[in-house]
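Residues per chain, in single letters:
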Amino acid sequence: MKLRRLVQRGTSLGPAVVVGVAGFGLWEGTVRAFGIREFLLPKPTSILAELQAEWPVLRHAGWETGRIAVSGLLVGILAGVLLAMFTTRFRTLNEGLTPLAVAVNATPIVALAPIFNAWFGITGTLSNQAVVIAVVFFPVFINTARGLTEVHPDEIELMHSYAAGEWTIMREVRVPNALPFFANALRVVAPLSVIAAIVAEYFGGPQDRIGNVITSNAGFARYDVAWAAIAVASAVGLALFAAALLVERVSMPWRLAVGGSDSNNNPGRET
Amino acid sequence: MSTGGDVPAVVVDGVGMVFNEGTGGEVAALDGIDLTIRAGEFVTLIGPSGCGKSTLLRLIGDLLTPTAGGVSVFGRSAHESRTGQDYGMVFQHAGLFDWRKVQANIELPLELRGWSRSDRGARSSEMLDLVKLDEFSDHYPRQLSGGMQQRVSIARALSFEPRLLLMDEPFGALDEMTREHMQSELLRIWGETGTTVVFVTHSISEAAFLSNRVIVLSPRPGRVHSIIDVALGERTPDTREDPDFFAAATTIREALRSVGGAE
């Protein structure tokens, strides 16, 4: 059973790998065939060469930016989940805050980066972290709050018939019900945290981070290095996305058992 | 039964229920309901939609509080009975928790009562045996059919031996064949446990097949129109073709027709 699933997973990844490799081949071939100049679009092989040559700098930058993304991610998630649980207990607070949060979430929060520099300092990492936290917080809060409140009324009545209190209902019904909603938010915010960290770094913070490596190298027309830094950032984003999927699988074994797939994004339950 | 003597299972005394009272959008759901259900009885509430049968069930279960009159259950107030965990409830929506395996779903009310793991395990095996789902204890609810899910729901409701089982159209979402099978199963389980059952339905044949007594409600506001005794003795598959069964169904149908709710 396990083996078959593994084999299925392997073969389902096959087409993606083929398309990916073909894409890089096409890229390389196009740049060579049409003589596209390196500052417009470097060849994958040149990017790879810079990745090797600049590895110590890029590795350090990727690590530091990754740390900002992950720490901001964790704080944003914690804040979003705690506030969602808190507002669920107070209906009016929930009804007042949720539309507001949805509205704020629709605004380009990364645009606040220069302002956060003024608030939290332009040289430290705090303002960069603040951008990540702000970007992560809203989707997590909105989705988790929905999952905690969109519970089938029969399930609440059932718990009342057992004379269960609000805390028991939270633990036994609302939190597990919110898990798929939370997981959806996690899929979105995990890669988003890397984007937010890099955009924040464009505007300030220490100079040895991915954002600064990209801007400074692009400024000196060293586009292949900039591309190499983008490749490192992509790897960090993919790693976080993979971690999000892993959390989803481990926390919800029942979804796997009923044949839920990774592409199943619908948190709603059949009624 | 542990309640000795003649304490009735349920006494509904002059109960009225008005929703949105004092807001201008008032809806009178129930008015002047008097009802006594004996211990061990199987009673069905039937009536056209809007007659307040589900509301009455929720008032007995203390999920709603009446705006007039009172409900007592085995000599205590409905509220005391609920907080004393006397109730088992089954809804049309099986209401099983996706994240708990079948066995863990059945054990939920036992967990909430602080039973030890071994006691819970022993009881849930008994209940799985009772509803004939032994080999599915390790499945998740979504892996079961609708009828099987509803059997788990019944097992869960009965796991702690509630004195009163409240069922709100539990078989409403099932197909006809599964439904008839589930009705027979429920009567078998009822016979083995001796619990008191209050059952809401809008199916005439279901009411006739299951009940000792059928309470026919009239709508807007809900009132007790008539109470029909059904004396069919022990039910077997042949009961459904028995002339007495048809006679009981006809009596119920005529009562429903006179309140404007024949199906």
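Conventions adopted
- Residues numbered from 1 in each chain as written.
- Chains lettered and ligands numbered in written order.
- Predicted model: local features only at pLDDT ≥ 70, side-chain atom pairs only at ≥ 80, totals over all residues.
- Helix = DSSP H or I, 4+ residues; strand = E, 2+ residues; numbered from the N terminus.
- Buried ≥ 20, exposed ≤ 12 C-beta atoms within 10 Å, placed from the backbone.
- Contact = placed C-beta atoms within 7 Å.
- Rg over C-alpha atoms; globule rule 2.2 N^0.38 Å.
- Nonpolar A, V, L, I, M, F, W, Y, C, P; charged D, E, K, R; others polar.
- Domains from an automatic or database assignment.
- Core = buried A, V, L, I, M, F, W, Y, C linked by C-beta atoms within 7 Å.
- Expected span 1.5 Å × (residues − 1).
- Arc of directions from axis to C-beta.
- Pairing = 2+ DSSP bridges.
- Axes fitted to C-alpha atoms, helices over the stretch in contact; angles between N-to-C directions.
- Parallel < 35°, antiparallel > 145°, perpendicular 65-115°, else oblique.
- Left-handed = near helix turned anticlockwise from the far one by under 90°.

Asks: With reference to specific residues and values, describe the overall build of chain A.
Replies: Scanning chain A from terminus to terminus reveals eleven helices and zero strands. Mapped from its N terminus to its C terminus, chain A presents α and β elements in the order α-α-α-α-α-α-α-α-α-α-α. When the 271 residues of chain A are sorted by exposure, 37% land in the buried category. Put simply, 77% of the contacts in chain A that link residues at least 6 apart link residues at least 24 apart.

Asks: Just give me the short version of the overall build of chain B, but keep the residues and values in it.
Replies: Looking only at helices and strands, one finds eight helices and ten strands in chain B. The C-alpha radius of gyration computed for chain B amounts to 18 Å, which stays within 12% of the reference 18 Å derived for 263 residues, consistent with globular compactness. A principal-axis box enclosing the C-alpha atoms of chain B has dimensions of 50 × 45 × 40 Å. Expressed as a percentage of its 263 residues, the buried residues of chain B come to 46%. Considering only intrachain contacts with a sequence separation of at least 6, the fraction spanning at least 24 residues in chain B is 71%.

Asks: Please set out the interface of chain A and chain B residue by residue, giving values where relevant.
Replies: Opposite the 17 residues of chain A that make contact, chain B presents 18 residues. In terms of residues, the side of chain A that touches chain B owes the most to one element, helix α7 (residues 153-161) of chain A, which gives six residues. The residue makeup of the side of chain A that touches chain B, split by class, is eight nonpolar, five polar and four charged.

Asks: Break down the domain arrangement of chain B for me, citing the residues and quoting the values.
Replies: All names here are of chain B. Under the domain assignment used here, chain B contains domain 1 (1-86 + 164-263) and domain 2 (96-161). Residue-level contacts link 13 residues of domain 1 with ten residues of domain 2. The element that contributes the greatest number of residues to the side of domain 1 that touches domain 2 is helix α6 (residues 176-193), accounting for six residues. Class assignment for the residues of the side of domain 1 that touches domain 2 results in eight nonpolar, four polar and one charged.

Asks: Talk me through unusual backbone geometry; I want residue IDs and the actual numbers.
Replies: Residues and elements named next belong to chain B. Here the amide bond leading from Arg 220 into Pro 221 is cis, since omega sits at -15°, within 30 degrees of zero. Among the secondary structure elements, Pro 221 is positioned in the loop between β9 (213-218) and β10 (223-229). One non-glycine residue, Asp 62, adopts positive backbone phi at about 60°. Checked against the element boundaries, Asp 62 lands in the loop between α1 (53-60) and β4 (68-73). In this structure, Phe 74 takes a positive phi of about 50° despite not being glycine. Turning to its location among the elements, Phe 74 is positioned in the loop between β4 and β5 (76-77).

Asks: Please provide a residue-by-residue account of the nonpolar core, values included.
Replies: Most often, soluble globular proteins keep nonpolar side chains buried together rather than apart. By size, the foremost hydrophobic cluster in this structure holds 78 residues, and its most contacted members are Val 10, Ile 60, Val 152, Leu 166, Val 198 and Ile 252 of chain B. Per-element accounting of this core gives the leading share, six residues, to helix α5 (residues 146-158) of chain B. When residues of this core are sorted by domain, at least three fall in each of domain 1 (1-86 + 164-263) and domain 2 (96-161) of chain B. Leaving out residues up to four positions away in the same chain, Ile 252 of chain B has contacts with Ile 46, Ile 204, Ala 207, Ala 208, Val 214, Val 216 and Ile 228 of chain B. Counting 56 residues, the second-largest nonpolar core is a separate cluster that includes Val 81, Ile 133, Ala 196 and Ile 214 of chain A.

Asks: Talk me through helix α8 (residues 243-258) of chain B; I want residue IDs and the actual numbers.
Replies: All names here are of chain B. Taking 1.5 Å of rise per residue, the 16 residues of α8 would be expected to cover 22 Å, and the 23 Å separating its terminal C-alpha atoms lies within 8% of that figure. Where α8 is concerned, the buried positions are Ala 248, Ala 249, Ile 252, Ala 255 and Leu 256. Buried residues in α8, looked at end-on, bunch into an arc of 120°, giving them a common side. What points out from α8, more than 90 degrees from its buried face, is the exposed set Pro 243, Thr 250 and Arg 257.

Asks: If you had to explain the sheet that holds strand β7 (residues 164-168) of chain B to someone new, which residues and values would you point to?
Replies: Residue and element names in this part refer to chain B. Reading across the sheet, the six strands line up as β6-β7-β8-β3-β9-β10 and stay open at both edges, with mixed pairing between neighbours. Bordering the open sheet on either side are β6 (87-91) and β10, each of which pairs with just one other strand. Between one strand and the next, the sheet's axes are offset by a mean angle of 15°, whatever the strand orientation. Examined bridge by bridge, β9 and β10 share six bridges and lie antiparallel to one another. Bridging across to β10, Val 216 finds its partner in Ser 226. Strands in contact with α1 are β3 (42-46), β7, β8 (196-200) and β9; relative to β8, the strand with the most contacts, it is inclined by about 150°. Its contacts with the sheet put α8 on β3, β9 and β10, and the angle it makes with β10 is roughly 165°.

Asks: With reference to specific residues and values, describe the packing of helix α3 (residues 55-89) of chain A against helix α8 (residues 166-203) of chain A.
Replies: Packed helix pairs are specified by the crossing angle of their axes together with the interaxial distance, meaning the distance between the axes. Residues and elements named next belong to chain A. The contact between α3 and α8 brings their axes to 8 Å, and the two run at 150°. One finds that α3 runs roughly antiparallel with respect to α8. Relative to α8, the crossing made by α3 is right-handed. From α3, Thr 65, Ile 68, Ala 69, Gly 72, Leu 73, Gly 76, Met 85, Thr 88 and Arg 89 reach across to α8, where they touch Glu 166, Met 170, Arg 174, Val 189, Ala 190, Ser 193, Val 194, Ala 197, Ile 198 and Glu 201.

Asks: An account of α7 of chain A is needed here, citing residue identities and associated values.
Replies: Within the sequence span of α7 of chain A, burial applies to Glu 155, Leu 158, Met 159 and Ser 161 of chain A. The buried residues of α7 of chain A all sit within an arc of 155° when viewed along its axis, so they share a single face. Contacts made by the buried residues of α7 of chain A are with α8 of chain A together with α2 (78-83) and β6 of chain B.

Asks: Describe the pairing of β6 of chain B, with residues and values.
Replies: The two faces of a sheet get side chains in turn, since along a regular strand they alternate between them. Residues and elements named next belong to chain B. The buried count for β6 comes to five of five residues, which makes it a mostly enclosed element. Burial along β6 is two-sided: Tyr 87, Met 89 and Phe 91 and Gly 88 and Val 90, pointing in opposite directions, are all buried. Of the pairings in the sheet, the one linking β6 to β7 comprises five bridges and is parallel in character. Residue pairing in the sheet places Met 89 in a bridge with Leu 166 of β7.

Asks: If you had to explain the environment of Ser 234 of chain A to someone new, which residues and values would you point to?
Replies: Residues and elements named next belong to chain A. The topology assignment puts Ser 234 in helix α10 (residues 223-251). Judged by the 12 C-beta atoms lying within 10 Å of it, Ser 234 falls in the exposed class. Each C-alpha atom of the pair Ser 234 and Ile 195 lies 9.2 Å from the other, and the pair is 39 residues apart in sequence.

Asks: For the pairing of β9 of chain B, give the residues involved together with the corresponding values.
Replies: Residue and element names in this part refer to chain B. For β9, the buried fraction is high: five of the six residues fall into the buried class. Bridge analysis of β3 against β9 gives four bridges, and the strand direction is parallel. Note that in β9 the partner of Ile 46 across the bridge is Val 216. The turn linking β9 back onto β10 is made up of four residues, and Arg 220 within it adopts a positive phi angle of 45°.

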